[in-house]
Amino acid sequence: MKKMSNIYESAANTLGIFNSPCLTKVELRVACKGISDRDALSKPDPCVILKMQSHGQWFEVDRTEVIRTCINPVFSKLFTVDFYFEEVQRLRFEVHDISSNHNGLKEADFLGGMECTLGQIVSQRKLSKSLLKHGNTAGKSSITVIAEELSGNDDYVELSFSARKLDDKDFFSKSDPFLEIFRVNDDATQQLVHRTEVVMNNLNPAWKTFKVSVNSLCSGDQDRRLKCIVWDWDSNGKHDFIGEFSSTFKEMRGAMEGRQVQWECINPKYKVKKKNYKNSGIVILNQCKIHKMHSFLDYIMGGCQIQFTVAIDFTASNGDPRNSCSLHYIHPYQPNEYLKALVAVGEICQDYDSDKMFPAFGFGARIPPEYKVSHDFAINFNEDNPECAGIQGVVEAYQSCLPKLQLYGPTNIAPIIQKVAKSASEETNTKEASQYFILLILTDGVITDMADTREAIVHASHLPMSVIIVGVGNADFSDMQMLDGDDGILRSPKGEPVLRDIVQFVPFRNFKHASPAALAKSVLAEVPNQVVDYYNGKGIKPKCMSEYESSRTLAP
């Protein structure tokens with residue numbers, strides 16, 4: 001047991017929970033006012049894209065839903081971001097007009113943007129600024145961002161609403177109802193928690209089930225008042241009020257274990273005016289499920305091992321290893337970029353792996369004895385046991401295999417992703433959180449088998465694995481960014497989207513003069529969330545509840 005407890009200790013230290021400021025999750029809500037459209041006759045269909053700056057480059061974190069024909073949108077989708085007290089985290093909010101026939105940004109019109117730091121939003125709780133377009137204010141348009149810390153309880157609730165006999169507000173057809181839920185804050189202000197989709201032409205709608213964090217729904221207070229409003233959607237953005245009712249999370253919890261909770265939907269004006277007014281319909285909560293969210297540490301401390309695999313690019317474009325200009329040149333005193341990236345990332349991953357044995361593969365070379373090209377050979381040339389002892393073992397195997405190889409091509413990485421996916425898919429049969437696979441691919445160029453790679457990544461997104469690609473050298477890596485998600489979502493050649501984002505791509509040159517820790521932090525930052533998303537999404541609990549977890553579990 002001593003060995004295991006050391007892993008937890010080093011894991012906790014690497015994560016810094018004992019020595020660095022506590023990592024906090026923050027929920028950001030966005031609303032805009034007075035957005036003007038390029039086309040004065042029609043109102044825009046706005047969507048807000050959140051970008052974060054990393055090493056001087058902006059990358060998309062997430063985007064809100066698109067709200068049709070609206071100049072003062074209040075978005076229902078919120079952004080969840082990690083807040084590090086010790087870092088300046090630069091954010092950029094961009095408002096785009098997304099035309100209905102195309103959801104990407106190609107045809108979208110940029111309506112204005114706002115830059116700030118996460119620290120500014122968190123310290124002010126509510127930040128309102130003008131939207132800027134090419135450096136100038138975009139008319140009188142502004143954006144407001146509200147921040148809320150996710151306090152210890154990040155459990156979430158699944159709610160499924162329907163309604164019957166709603167008032168008909170349309171002359172030629174039936175109402176097109178949607179439901180909005182607001183949380184009433186301590187200062188009596190109302191905060192939109194969720195807006196359902198519109199069900200067209202139906203007085204007895206069943207809205208899609210949705211998930212919302214307990215924190216977002218009621219700030220952890222089960223008796224906090226929730227105000228629910230049913231509207232009849234109108235294409236011009238002026239929706240008709242059908243009725244409203246109030247509830248609490250405590251009352252909604254009555255819809256657990258197959259029971260229903262019902263409310264009369266009331267229009268206060270009709271109640272005063274109409275003599276025999278009963279209600280404007282009935283809203284029904286058909287189910288309320290509470291999901292316990294487990295953290296990365298819950299899984300690690302519950303005994304989940306990180307299985308770390310390395311794949312190294314031995315294609316001819318790296319240059320002859322005997323030549324000092326080669327990316328594979330072994331300098332007596334100075335490790336090359338491949339070794340630097342391998343050690344920086346590997347040293348952190350090895351803290352989470354009890355046997356410290358790492359499979360290491362190469363691709364794109366002709367290998368002895370027959371010198372056929374291989375895209376997934378063991379660099380210790382032992383196909384039955386490609387594992388090396390520790391990161392040091394990988395370094396030694398790399399150095400000793402180089403003189404025996406003929407660097408060749410092409411740069412195909414799908415075979416190695418499929419190889420690790422095979423191990424990960426065997427792991428899924430256990431139905432428990434015991435092994436999560438991380439594949440580190442070190443490559444000097446743009447890959448040749450992009451279609452197969454996309455297919456392999458989409459398949460792997462259903463498995464307990466993540467892929468980290470570090471681009472070595474000075475090639476143009478713009479195509480590789482696509483694997484990290486193009487319009488926010490990577491798709492296979494057949495159009496199937498990834499189930500979850502599992503690829504992180506980083507060019508090593510961005511870190512050439514930084515510490516190894518900076519590279520490791522950048523490529524591994526996503527991993528804890530990817531581990532948690534996978535197991536929580538599958539409803540898999542940590543193997544054994546650790547003391548750490550039982551101390552943070554909140555009683556219902």
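Cut-offs and rules
Residues numbered from 1 in each chain as written. Predicted model: local features only at pLDDT ≥ 70, side-chain atom pairs only at ≥ 80, totals over all residues. Heavy atoms only, no water. UniProt positions renumbered as here; feature names shortened; annotations may be inferred. Helix = DSSP H or I, 4+ residues; strand = E, 2+ residues; numbered from the N terminus. Buried < 20%, exposed > 50% of the residue type's maximum accessible area, 1.4 Å probe, protein only. Contact = heavy atoms within 4.5 Å. Areas by Shrake-Rupley, 256 points an atom, 1.4 Å probe, with all protein chains shown as cover. Axes fitted to C-alpha atoms, helices over the stretch in contact; angles between N-to-C directions. Left-handed = near helix turned anticlockwise from the far one by under 90°. Nonpolar A, V, L, I, M, F, W, Y, C, P; charged D, E, K, R; others polar. Salt bridge = Lys/Arg side-chain N within 4 Å of Asp/Glu carboxyl O. pLDDT = per-residue confidence, 0-100. Pairing = 2+ DSSP bridges. Expected span 1.5 Å × (residues − 1). Parallel < 35°, antiparallel > 145°, perpendicular 65-115°, else oblique. Core = buried A, V, L, I, M, F, W, Y, C linked by side-chain atoms within 4.5 Å. Phe/Tyr/Trp six-rings, centres within 6.5 Å; stacked < 30°, edge-to-face > 60°.

With an unreviewed UniProt entry as reference, the protein chain is termed CPNE4 protein, source organism Tachuris rubrigastra. The Sequence similarities (unreviewed entry) field of the UniProt record for the protein chain holds the comment "Belongs to the copine family."

Caption draft 1: Spatial organisation of the overall build of the protein chain. In terms of regular secondary structure, the protein chain is built from 14 helices and 26 strands. In the protein chain, which comprises 556 residues, the share counted as buried stands at 50%. Across the protein chain, the fraction of contacts at a sequence separation of at least 24, relative to all contacts at a separation of at least 6, is 71%. Roughly 26500 Å² of accessible area belongs to the protein chain as shown, and the carbon and sulfur atoms make up 51% of that amount.

Caption draft 2: Seen up close, the packing of helix 7 (residues 337–349) against helix 12 (residues 516–524). With their axes 9 Å apart at the nearest point, helix 7 and helix 12 run at an angle of 65 degrees to one another. For the crossing formed where helix 7 meets helix 12, the hand is right-handed. From helix 7, A341, A344, V345, I348 and C349 reach across to helix 12, where they touch P516, L519, A520, V523 and L524. Of the residues assigned to the contact of helix 7 with helix 12, the class counts are 10 nonpolar, no polar and no charged.

Caption draft 3: Spatial organisation of the pattern of salt bridges. This structure, assessed with the given rule, holds 17 salt bridges. D45 is paired through a salt bridge with R68; the nearest N and O atoms lie 3.2 Å apart. Highlighted residues: D45 in the loop between strand 1 (24–33) and strand 2 (46–54) and R68 in the loop between strand 3 (57–63) and strand 4 (79–83), separated in sequence by 23 residues. One salt-bridge network, in which partners are shared between bridges, spans K51, R92, E94 and E115.

Caption draft 4: How the structure looks around the confidence of the model for the protein chain. Overall, the predicted model of the protein chain reaches an average pLDDT of 85, with 89% of residues at or above 70. Overall, residues 1–22 carries pLDDT values under 50, and its contacts beyond four positions in sequence, including any with other chains, amount to 31 contacts. In this model residues 546–556 is a low-confidence stretch, pLDDT under 50, and it forms 19 contacts with partners more than four residues away in sequence or in other chains.

Caption draft 5: Quick peek at the sheet that holds strand 20 (residues 372–374). The sheet built from 3 strands is open, its strands ordered 20-19-23 with antiparallel pairing. Each end of this open sheet is capped by a strand with a single partner; those strands are strand 20 and strand 23 (406–407). Inspection of the sheet shows strand 19 (residues 365–367) paired to strand 20 by 3 bridges, in the antiparallel sense. Bridge pairing links A365 to S374 in strand 20.

Caption draft 6: Highlighting helix 8 (residues 390–401). Taking 1.5 Å per residue as the helical rise, helix 8 with its 12 residues ought to reach 16 Å, and the 17 Å between its terminal C-alpha atoms agrees with that figure. Among the residues of helix 8, G390, I391, G393, V394, V395, A397, Y398 and C401 are the ones counted as buried. Each element contacted by the buried residues of helix 8 is listed here: strand 17 (305–313), helix 7, strand 18 (357–363) and strand 22 (387–389).

Caption draft 7: Spatial organisation of the pairing of strand 10 (residues 177–184). Of all 8 residues making up strand 10, 8 are buried, and the element is well covered by its neighbours. Of the two faces of strand 10, the one holding P177, L179, I181 and R183 and the one holding F178, E180, F182 and V184 are both buried throughout. Two strands pair when backbone bridges link them, and strand 10 and strand 13 (residues 225–232) are joined in this way by 7 bridges, in the antiparallel orientation. By the bridge assignment for strand 13, R183 is matched with L226. If you look at the hairpin formed by strand 10 and strand 11 (residues 190–195), you'll find 5 residues sitting between the two strands, and A188 has a positive phi there, around 70 degrees.

Caption draft 8: Region of interest: the environment of A517. With respect to the secondary-structure elements, A517 resides in helix 12. Among the residues examined, A517 registers a relative accessible area of 52% and is labelled exposed. A sequence separation of 172 residues divides A517 from V345, and the C-alpha atoms of the two residues are 8.3 Å apart.

Caption draft 9: Examining unusual backbone geometry more closely. Between P368 and the following residue, P369, the backbone shows a cis peptide bond with an omega angle of 0 degrees. Relative to the helices and strands, P369 is located in the loop between strand 19 and strand 20. Cis peptide bonds are those with omega within 30 degrees of zero, and the linkage from G409 to P410 qualifies with -5 degrees. Its place among the elements puts P410 in the loop between strand 23 and helix 9 (414–428).

Caption draft 10: Main features of the sheet that holds strand 14 (residues 240–248). Strand order in the open sheet made by the 4 strands is 11-10-13-14, with antiparallel pairing throughout. Each end of this open sheet is capped by a strand with a single partner; those strands are strand 11 and strand 14. The sheet shows a mean angle of 25 degrees between the axes of neighbouring strands, taken without regard to direction. Both strand 13 and strand 14 contribute to a ladder of 8 bridges, which runs antiparallel. Bridge assignment links V230 to a residue of strand 14, and that residue is G243.

Caption draft 11: Spotlight on the packing of helix 9 against helix 10 (residues 450–460). Between helix 9 and helix 10, whose axes approach to 9 Å, the crossing angle comes to 15 degrees. By the angle between their axes, helix 9 is roughly parallel relative to helix 10. The interaxial crossing formed by helix 9 with helix 10 has left-handed handedness. Within the contact between the two elements, helix 9 uses A414, I417, Q418 and A421 and helix 10 uses D452, T453, A456, I457, H459 and A460. In terms of residue class, the contact of helix 9 with helix 10 is made up of 6 nonpolar, 3 polar and 1 charged.

Caption draft 12: Quick peek at the nonpolar core. Formed by 54 residues in total, the largest nonpolar core has its most connected members in F308, F314, I379, L442 and Y535. Once residues lying within four places of it in the same chain are set aside, the contact partners of Y535 are Y299, C304, E432, A433, S434, Q435, Y436, P464 and I540. With 31 residues, the next largest nonpolar core counts L439, L483, V498 and I502 among its residues.

Caption draft 13: Up close: the environment of S76. Tracing the backbone shows S76 in the loop between strand 3 and strand 4. Along the backbone, S76 and H194 are 118 residues apart, and their C-alpha atoms lie at a distance of 5.3 Å.

Caption draft 14: Quick look at the packing of aromatic side chains. One pass over the full model with this rule turns up 14 aromatic pairs. For the ring pair W231 and F241, a centre distance of 5.8 Å and an interplane angle of 80 degrees mean the geometry is edge-to-face. Pair noted here: W231 is in strand 13 and F241 is in strand 14, with a separation of 10 residues, a long-range link. Classification of W231 by relative accessible area gives partly exposed; the value is 21%. By relative accessible area, F241 is classed as partly exposed at 23%. A centroid spacing of 6.1 Å and a plane angle of 25 degrees characterise the contact between F314 and Y398, whose relative ring orientation is stacked. Of the two residues, F314 sits in the loop between strand 17 and helix 7 while Y398 sits in helix 8, which places them 84 residues apart along the sequence. Among the residues examined, F314 registers a relative accessible area of 0% and is labelled buried. Using a relative accessible area of 1% as the deciding quantity, one classes Y398 as buried. What links up through ring pairs into an aromatic cluster is the set F161, F210, F245 and W263.

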